[in-house]
2 protein chains.
Amino acid sequence: MCGGIGSRFWPYSRANMPKQFLDLFGTGRSLLQMTYDRILPLIRPENIIVVTNRQYVDLICEQLPEIDRSRILLEPDRRNTAPCIAWAAYHIGAIDPQASMIVTPSDHLITRESIFENCVARGFDFIERHDALLTLGINPTRPETGYGYIQIGREIEPGLLKVKTFTEKPNKELAQVFIDTGEFFWNAGIFLWTVKSIKDALHHYAPDLAAVFDAGTNRFATEGEDEFIEQNFSGCPSISIDFAVMEKADNVYVECVNFGWSDLGTWGSLYDNSRRDDNGNVTVTDNIMTYNSTGNIFMAPENKLVVASGIHDCIVADAGDVLLICPKSDEQQIKVMLTDVRIRHDNKYL
Amino acid sequence: MCGGIGSRFWPYSRANMPKQFLDLFGTGRSLLQMTYDRILPLIRPENIIVVTNRQYVDLICEQLPEIDRSRILLEPDRRNTAPCIAWAAYHIGAIDPQASMIVTPSDHLITRESIFENCVARGFDFIERHDALLTLGINPTRPETGYGYIQIGREIEPGLLKVKTFTEKPNKELAQVFIDTGEFFWNAGIFLWTVKSIKDALHHYAPDLAAVFDAGTNRFATEGEDEFIEQNFSGCPSISIDFAVMEKADNVYVECVNFGWSDLGTWGSLYDNSRRDDNGNVTVTDNIMTYNSTGNIFMAPENKLVVASGIHDCIVADAGDVLLICPKSDEQQIKVMLTDVRIRHDNKYL
């Protein structure tokens, strides 16, 4: 899934260059490319499909030249994750009705990828033996308020449990309680299921959405697919897969996993997941010189020299046409700034 | 005089674009152009001469297209102000031995220009009646430690006094004493004299320097001038006019003046001389948005959007290929930074 906007990383993420296309770690690979690299040992390349907004087709082709154009599904409108996943399921089902799927965001960070590989393999094994909607639950390491939590129920197999409840973004106190009980895991938004299981669930819990795609049954994975999507996709309700299916279905399971994971939802999470120098500064390019400055995260174009003195715990993000300087603790402010920028400049800097 | 480097305004001032060529106030006119505009009511345009380093000839021609190439004196080397002024005096003397001169830096700020005009007119009147080396002394408004001070002696005419001593950059306590006595004025580095008086003084107090130029007497203001300078200018001692002449001569006078003046020697002085918004921020372009930020000075290219939150009393200078963020109180640090930049990048960002 590669259609998000990621406005919280403004000014690096932009409407025409969202977070998933950015090389946030200065490794030479964007988050999308890192996601592709991570999936490649698990899925045959010709079975990797990208679903994105049509405005990003050139970026996808540029960043993932390995992916054939026929495997890039281009949404004409933004309709959240449920229609995106439904389309992918119908498309894959038209090619192979017995297929299993893994659904993954393209803008998250996963460390310890060998553990990830083992988890996914075990997850596939599970969903091929059960009519199961499986989500990966991350062992929480802190009372994070920005994530969704999964409460676990009965253990079916070692590390594979029934889901009891989902809770979106609890407050700090509740998040701490969640952690203390040992019953809650972070919802990574990575799902495994068979095409059959997810289509069944869509029919049962999101019949309006299923009806849109059922109308095109004989057109997926054919030359008529684009035209069908063009005419029908915008008729989908805009709804997340969590809300449409996962929170309602009774065959939802969680695989409790322990690889490093971050949704990189904020500058702070990028800071937390990046290598810091002795002064606690994160610098994505070599070209940053700091004096009496601690706890900052600096991003700038490769050739830009940044010299900073006497600033602490700030985001300094030079994105070419925009410079943002903002305390890390204040990054919620960025949404306010974006509104102000839109008032002054329309979409020019967004 | 237009040959300085002005490294304290880095990264805006650069080796190939020093301070005098910058539009520091966002008025559309550089400091050099502002200086030209200020002099124009006083001196016939064909009598305005620019002395600069040869590397800046294109900048001069671009910024002052009114000035004929024959009136731009191009120094092949940097030799401080005495050789610069000596050359100008010999050049002007070759055209008109009876001429009077005003010598002015091209990178200072003068406000209340009508007072300036009156002062200069009175100064010319004085030096045409006396064999006098006249400097303009600014009524000091604070115990500034970055300026030179002139101690006044006997009053010759109203507002025109003999100079008793020069003192370069006193410490804070001494500067305060200077102010309290009422006997000290800031040395603006603006001089008036006749060609005859300055040449006499050069012969007397800087005979080595005078000898260099005496050797070319019949070549100034001729086609042979460039060749003569090419062959001889580098042989001049590198010395300031203050040290070579003003601090030694016994016919030095000061005209005590009261127009607004700053040498714009630091980012802080630019801040002090710029219009501030309600939060005490100085923003040179329209394109700066501030949140919970006070006392800063922002410079950025016209099209760059700068969004700053939670920073106070800083210099934020985005010069395209370099971004500097530094507390105003810490700007002496800039020299250290420049050394570090040179070690890492040679002259690339200087």
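Refer to the structure above for everything that follows.
Quick summary incoming for the structure in this document. Just so it is clear, the model here is predicted, and its values are computed rather than measured.

1. Quick look at the environment of Met246(B)
Residue and element names in this part refer to chain B.
Point 1. Along the chain, Met246 falls in helix 9 (residues 241-246).
Point 2. Considering only alpha carbons, one finds Met246 and Thr135, 111 residues apart in sequence, at a separation of 8.9 Å.
Point 3. The contacts of Met246, once residues within four sequence positions are left out, are Leu133, Thr135, Phe166, Phe191, Trp193, Ile241 and Val252.

2. Here's the deal with unusual backbone geometry
Residues and elements named next belong to chain A.
Point 1. In the segment running from Trp10 into Pro11, the intervening peptide bond is cis, with an omega of 5 degrees.
Point 2. We note that Arg112 has phi near 50 degrees; this positive angle belongs to a residue other than glycine.
Point 3. Within the secondary structure layout, Arg112 lies in the loop between strand 4 (109-111) and helix 4 (113-129).
Point 4. Although it is not a glycine, Asn292 sits at a positive phi angle of roughly 45 degrees.
Point 5. Among the secondary structure elements, Asn292 is positioned in the loop between strand 12 (288-291) and strand 13 (297-299).

3. A word on the packing of aromatic side chains
Point 1. Under the criterion given, the structure shown has 32 aromatic pairs over all chains.
Point 2. Relative to Trp186(A), the ring of Tyr147(A) lies with its centre 4.9 Å away and its plane at 75 degrees, an arrangement referred to as edge-to-face. Separated by 39 residues along the polypeptide, Tyr147(A) in the loop between strand 5 (133-138) and strand 6 (148-157) and Trp186(A) in strand 8 (residues 184-194) bring together distant segments of the chain.
Point 3. Taking the relative accessible area as the measure of exposure, Trp186(A) reaches 2% and is therefore buried.
Point 4. Ring pairing ties together the aromatic residues Tyr90(A), Phe213(A), Phe220(A) and Phe228(A), which thus form one cluster.
Point 5. Against the face of Tyr253(B) rests Lys162(B), its NZ or CZ located 5.3 Å from the ring centre.
Point 6. The ring centre of Phe243(B) lies 5.5 Å from the NZ or CZ of Lys248(B), which sits over that ring.

4. Section: the interface of chain B and chain A
Size of an interface, as often reported, equals the accessible area lost when the parts are brought together.
Point 1. Counting residues at the interface gives 35 residues for chain B and 35 residues for chain A.
Point 2. Around 2700 Å² of area is buried between chain B and chain A when both sides are counted, 58% of it from carbon and sulfur atoms.
Point 3. Of all residues in chain B, Leu305(B), Leu323(B) and Ile325(B) give up the largest surface area on contact with chain A, accounting jointly for 22% of the area buried on that side.
Point 4. In this structure, the connection of chain B to chain A is made through two salt bridges.
Point 5. The partner of Asp318(A) in a salt bridge is Lys304(B), with the nearest N and O atoms 2.7 Å apart.
Point 6. In this assembly, chain B and chain A are joined by 25 residue pairs in polar contact (both at pLDDT 80 or more).
Point 7. Going through the elements one at a time, strand 12 (288-291), strand 14 (305-309), strand 15 (314-318), strand 16 (322-327) and helix 11 (333-345) of chain B are the ones with two or more residues in the side of chain B that touches chain A.
Point 8. In terms of residues, the side of chain B that touches chain A owes the most to one element, helix 11 of chain B, which gives seven residues.
Point 9. For the side of chain B that touches chain A, a count of residues per class yields 20 nonpolar, seven polar and eight charged.

5. Digging into the relation of the copies chain B and chain A
Point 1. Relative to chain A, chain B is turned by 179 degrees and slid 0.1 Å along the rotation axis, the superposed coordinates differing by an RMSD of 0.1 Å. The two molecules are tied by a two-fold rotation axis, judged by turn and shift.
Point 2. When the interface residues of chain B are mapped onto chain A, 100% of them are again interface residues, pointing to one common binding face.

6. Focus on the pairing of strand 15 of chain B
Residue and element names in this part refer to chain B.
Point 1. Where burial is concerned, most of strand 15 is hidden: five out of the five residues are buried.
Point 2. Residues of strand 15 alternate between two faces, with Cys314, Val316 and Asp318 on one and Ile315 and Ala317 on the opposite face, all of them buried.
Point 3. Note: strand 13 (residues 297-299) against strand 15, three bridges, orientation parallel. Bridge assignment links Met299 to a residue of strand 15, and that residue is Ala317.
Point 4. Here five bridges tie strand 15 to strand 16, and the two strands are oriented antiparallel to one another. Bridge pairing in strand 16 links Ala317 to Leu324.

7. What to know about the sheet that holds strand 13 of chain A
Point 1. Strand order in the open sheet formed by six strands is 11(A)-13(A)-15(A)-16(A)-14(B)-12(B), and the pairing between neighbours is mixed. Bordering the open sheet on either side are strand 11 (282-283) of chain A together with strand 12 of chain B, each of which pairs with just one other strand.
Point 2. Taken together, the four bridges between strand 12 of chain B and strand 14 of chain B define a ladder with parallel strand orientation. Bridge pairing in strand 14 of chain B places Tyr291(B) opposite Ser309(B).
Point 3. Where helix 11 (residues 333-345) of chain A meets the sheet, it contacts strand 15 (314-318) and strand 16 (322-327) of chain A together with strand 12 and strand 14 of chain B, and its direction lies at approximately 145 degrees from that of strand 12 of chain B.

8. What about the sheet that holds strand 15 of chain B?
Point 1. On the basis of which strands lie adjacent, the open sheet formed by six strands has the order 12(A)-14(A)-16(B)-15(B)-13(B)-11(B) and mixed pairing. The outermost strands of the open sheet, each flanked by one partner alone, are strand 12 of chain A together with strand 11 (282-283) of chain B.
Point 2. Alignment of strand 11 of chain B against strand 13 of chain B, held across two bridges, turns out to be parallel. Residue pairing for strand 13 of chain B: Val282(B) is matched across the bridge by Ile297(B).
Point 3. Of the strands in this sheet, strand 12 and strand 14 (305-309) of chain A together with strand 15 and strand 16 of chain B touch helix 11 of chain B, which is tilted by about 145 degrees from strand 12 of chain A.

9. Description of the environment of Asp125(A)
Point 1. The topology assignment puts Asp125(A) in helix 4.
Point 2. By relative accessible area, which is 38% here, Asp125(A) ends up partly exposed.

10. Quick word on helix 11 of chain A
Point 1. Over its 13 residues, helix 11 of chain A runs 18 Å from end to end, which matches the ideal 18 Å to within 8%, given 1.5 Å per residue.
Point 2. Within the span of helix 11 of chain A, buried status applies to Ile334(A), Met337(A), Leu338(A), Val341(A) and His345(A). Buried residues of helix 11 of chain A fall within an arc of 105 degrees about the axis and therefore sit on the same side.
Point 3. Close packing links the buried residues of helix 11 of chain A with helix 10 (267-272), strand 15 and strand 16 of chain A together with strand 12 and strand 14 of chain B.

11. Quick look at the packing of helix 6 (residues 195-205) of chain A against helix 7 (residues 207-214) of chain A
Residue and element names in this part refer to chain A.
Point 1. Helix 7 packs onto helix 6 with a crossing angle of 120 degrees between their chain directions and a minimal axis gap of 6 Å. Our classification of the angle between helix 6 and helix 7 gives oblique. In this structure, helix 6 uses Leu202, His203, His204 and Tyr205 to contact helix 7, whose residues at the interface are Pro207, Leu209, Ala210 and Asp214.
Point 2. Classifying every residue of the contact of helix 6 with helix 7 by side-chain character gives five nonpolar, two polar and one charged.

Quick notes on the rules
- Residues numbered from 1 in each chain as written.
- Chains lettered and ligands numbered in written order.
- Predicted model: local features only at pLDDT ≥ 70, side-chain atom pairs only at ≥ 80, totals over all residues.
- Heavy atoms only, no water.
- Helix = DSSP H or I, 4+ residues; strand = E, 2+ residues; numbered from the N terminus.
- Contact = heavy atoms within 4.5 Å.
- Phe/Tyr/Trp six-rings, centres within 6.5 Å; stacked < 30°, edge-to-face > 60°.
- Buried < 20%, exposed > 50% of the residue type's maximum accessible area, 1.4 Å probe, protein only.
- Lys NZ or Arg CZ within 6 Å of the ring centre and 35° of its normal.
- Buried area = accessible area lost by both parts, 1.4 Å probe.
- Salt bridge = Lys/Arg side-chain N within 4 Å of Asp/Glu carboxyl O.
- Polar contact = N/O pair within 3.5 Å; in protein donor to acceptor, adjacent residues only side chain to side chain.
- Nonpolar A, V, L, I, M, F, W, Y, C, P; charged D, E, K, R; others polar.
- Least-squares fit on C-alpha atoms with pLDDT ≥ 70 in both.
- Pairing = 2+ DSSP bridges.
- Axes fitted to C-alpha atoms, helices over the stretch in contact; angles between N-to-C directions.
- Expected span 1.5 Å × (residues − 1).
- Arc of directions from axis to C-beta.
- Parallel < 35°, antiparallel > 145°, perpendicular 65-115°, else oblique.

Nothing here speaks to function; it is all geometry.
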